[in-house]
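Residue-level structure breakdown
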Amino acid sequence: MVLGHRKNSLGSARSSTDQVSETDEDETVVSSEQGNVISHIIAQLRPGADLSRITLPTFILEPRSMLERITNFMAHPDQLLHLPTIDDPLQRFVAVTKFYLSGWHIKPPGVKKPLNPILGEVFTGWWDYPDGTRGYYISEQTCHHPPKSSYFFMAPEHHIRIDGTLKPRSKFLGNSAGSFMEGIAVMRFTDRNERYFITQPNMYARGILFGKMKYELGDHAVVRCPETGLEADVEFKVKGWVGGTYNAIGGSIKDSRTGKALFELSGFWHGEMFIKDLSTGKKQLLFDASSAKPSFPKSRPLEEQDPRESQRLWDATNKAIKKSDHRGATDTKTAIEEQQRSEATERGETEWKPKLFTAAPAGDEEKLDWVIDAKVDPSLPAEQQVQQILAITPILPLQLTQKLQQGSRSEKASTNNTAPQHTRPQTDGANDLIDFGQNQVAASHGDAQQTAKSQPPQQLQQPMIPTQQSASQQAPTKQLADLSLSSTKGSSSTQNQAGSMNRAGQIVRQDSLGNEEAFVDAES
């Protein structure tokens, strides 16, 4: 699900949903001033036009990026975490369908569109669950034209993993605008070797030129499990010209191997939803969205975020949107978009490669397009899976990460105290969950010493070649940092995390006998 937001405040952890009032209204009344803004872009619009290439007025923007908005999919952990524990395959599938339907009620007031992520933009976050476990989320904008938002979620202790790529395709339809939500998500229960392929309904904004603006979900979405053959077809019904009602759903659950219909779905995606057992005729409440309370992810403070992370990147724009400062929002948003165009020009024909994701392998999951570029082994204990996840990219705040690192070191030290004396001790920092470069020298020193001892005395050590980043590679990040409200503070934090060769700014080298010498490299 990729719909809007509600208020959330979680101490020092950030959320773009903070300080936004709640409302159940699905309508936006356009003022005369805003109407003039809309009339200004009418000349750009033709039926079927691609809205991703048209600049929209900021008063219809939601103050957060699409990468963050995707987390609505995981905003009901009470409907998610227990799913792998249900033993009956049919009841498990019904519960998955219930979870799928539970998040569509989460929406901003009126008709709002999230910010289009720029290429290479990243958003990460985490959930603290009541049982003391966590869920982790990583996302990146892996393509800009056409837009593709790829994401990864995992709750290791609960054996749940979700991979997805969202590919929204917006079109102007006269007095309406449609966002056609292509792409899929694959939710897997790692302890059952079971997957669920999920698609999404389309989204419509009615009355964008005249009348009241109205938000609707429409068309069909599917949840299917290839391992069991069960499939849910959910229709999100749009209101007709003559009859019908808003926000209604219908659908069925069937066994695709036999074609037999098992359950019937009905109700409203923003209210009560029902399920009817076709074998008994019994109808019961499936989920009541009107009383549901979503849980949104926490994020690291802005000063710990890189210039291309969503909340820091769009901070000035989001603040202006929340203050209804449409000129300020437009100016800051335009500056970021112009920088993105400049980067595209500099790249020329060079193919863009995502930082955190890689091409999906061939097979029935290749429609994901991109998957996380890391191996998280579900056969390992949950604690080791968490370490693998945190090694991908920063997710938790530095203070919390350091606390976990200290706990990991203490546990390792306790293990070493009971180990035989001939066991080689771990290098300090080897158990760090995230490597910010602070252990680079210590690790390289230990490895070099071990290598030197194993080499013949006559063999010379290979020369050290400094690695330098070209000016063209450095420029985009620096320029984006200048556009960010917290660029100076954030950049300092990033440099501290990156570390250096050693505390004295020197390079430690060894000769073939293992003797050390430290010096300052003139090229560094």
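See the structure printed just above.
These numbers were taken from a predicted model, which means no experiment stands behind them.

Along the protein chain, the regular secondary structure elements total 12 helices and 20 strands. A total of 524 residues make up the protein chain; the buried ones form 48% of that total. If you sum the accessible surface of the protein chain, you get close to 26,000 Å²; carbon and sulfur atoms cover 50% of it.

So, on to the nonpolar core. Of all hydrophobic cores here, the largest spans 63 residues; its most connected members are Phe-153, Ile-162, Met-187 and Phe-236. Ranked by residues supplied to this core, first place goes to helix 4 (residues 89–101) with 7 residues. Among residues more than four places away in sequence, those in contact with Phe-236 are Tyr-100, Leu-101, Trp-104, Pro-201, Leu-217, Gly-218, Asp-219, Ala-221, Ala-248, Ile-249 and Trp-269. Core analysis: the next-biggest nonpolar cluster, separate from the first, contains 17 residues, Met-154, Leu-356, Ile-372 and Ile-395 among them.

It is worth spelling out the side chain of Glu-62 at this point. Among the structural elements, Glu-62 can be located in strand 2 (residues 61–65). The buried category is assigned to Glu-62, whose relative accessible area is 0%.

Turning our eyes to something else, we now look at the packing of aromatic side chains. In the structure shown here, the tally under the stated rule is 11 aromatic pairs. Their ring planes at 55 degrees and their centres at 5.2 Å tell us that Phe-189 and Tyr-196 sit as a pair that is tilted. We classify Phe-189 as buried; its relative accessible area is 0%. Between Tyr-215 and Trp-269, the ring centres sit 6.4 Å apart and the planes meet at 80 degrees, which makes this aromatic pair edge-to-face. Pair noted here: Tyr-215 is in strand 11 (residues 213–225) and Trp-269 is in the loop between strand 14 (260–268) and strand 15 (272–277), with a separation of 54 residues, a long-range link. Residue class for Trp-269 comes out buried when judged on its relative accessible area of 1%. Directly above the ring of Tyr-215 sits Lys-107, whose terminal nitrogen or CZ lies 5.2 Å from the centroid. Just above the ring of Tyr-246 sits the side chain of Lys-214; from NZ or CZ to the centre is 4.5 Å.

Most of strand 7 (residues 160–172) is tucked away, with 11 of its 13 residues classed as buried. By the bridge criterion, 7 bridges tie strand 6 (residues 148–155) to strand 7 in an arrangement that is antiparallel. Bridging from a neighbouring strand, Phe-152 pairs with Asp-163 of strand 7. Between strand 6 and strand 7, which pair antiparallel and follow one another directly, the connecting turn spans 4 residues, one of which, His-159, has a positive phi of 60 degrees. Once strand 7 ends, the chain turns through 3 residues before running back antiparallel as strand 8 (residues 176–189), passing Gly-174 with a positive phi of about 95 degrees.

A few words now on empty space enclosed by the protein. Following the criterion strictly, the structure yields 2 cavities of 30 Å³ or more and no others. Each pocket or cavity is described by its volume, and for the largest cavity that value is around 70 Å³. Every residue lining the largest cavity is counted, 12 residues in all, and those nearest its centre are Phe-73, Tyr-151, Ala-185, Ile-198 and Gln-200. Of all the secondary structure elements, the ones that give two or more residues to the lining of the largest cavity are strand 7 and strand 8. When residues of the lining of the largest cavity are assigned to their parent elements, the largest contribution, 3 residues, is made by strand 8. Each residue belonging to the lining of the largest cavity can be placed in one class, and the counts come to 8 nonpolar, 4 polar and no charged. Here the second largest cavity defines a volume of roughly 40 Å³. Around the second largest cavity sit Val-122, Phe-123, Thr-124, Ser-299, Arg-300, Gln-305, Glu-309, Ser-310 and Gln-311, which together line it. Going through the elements one at a time, strand 4 (122–128) and helix 5 (310–313) are the ones with two or more residues in the lining of the second largest cavity. At 3 residues, the largest contribution of residues to the lining of the second largest cavity is made by strand 4. Residues that form the lining of the second largest cavity fall into these classes: 2 nonpolar, 5 polar and 2 charged.

Rules used throughout
- Each chain carries its own residue numbering, running from 1 in the written order of its sequence.
- With the structure being a predicted model, the display of local features is reserved for residues of pLDDT at least 70 and the display and counting of side-chain atom pairs for 80 or more, all residues being used for whole-chain, interface and lining totals.
- Computation of side-chain values: all heavy atoms of the structure, hydrogens and water removed.
- Secondary structure elements follow DSSP: runs of H or I of four or more residues count as helices, runs of E of two or more count as strands, with numbering from the N terminus.
- Exposure is judged per residue with a 1.4 Å probe applied to protein chains only, and the accessible area is read against the type maximum: over 50% gives exposed, under 20% gives buried, and values in between give partly exposed.
- A 1.4 Å probe and the Shrake-Rupley method give the accessible areas. Residues count as covered only by the protein chains that appear here.
- Only buried residues count toward a nonpolar core, which is a set of Ala, Val, Leu, Ile, Met, Phe, Trp, Tyr and Cys residues joined through side-chain atoms within 4.5 Å.
- Note on contacts: a residue pair qualifies if any of its non-hydrogen atoms lie within 4.5 Å across the two residues.
- For this analysis, a ring pair means two rings from Phe, Tyr or Trp (six-membered ring only for Trp) whose centres lie within 6.5 Å, classed as stacked if their planes differ by under 30 degrees, edge-to-face if by over 60, and tilted for the remaining angles.
- A ring has a charge above it when a Lys NZ or an Arg CZ is no more than 6 Å from the ring centre and no more than 35 degrees off the ring normal.
- Any two strands between which DSSP finds at least two bridges are classified as paired.
- In the cavity and pocket records, a cavity denotes points on a 1 Å grid over the protein atoms alone where a 1.4 Å probe fits but cannot get out, a pocket denotes an open set with protein on both sides within 12 Å along at least 5 of 7 lines, and lining residues are residues with an atom within 4 Å of a point.
- Grid points are joined across faces, edges and corners, and a volume is the space filled by probe spheres set on the points.
- The nonpolar class holds Ala, Val, Leu, Ile, Met, Phe, Trp, Tyr, Cys and Pro. Asp, Glu, Lys and Arg form the charged class, and all remaining residues, Gly among them, are polar.

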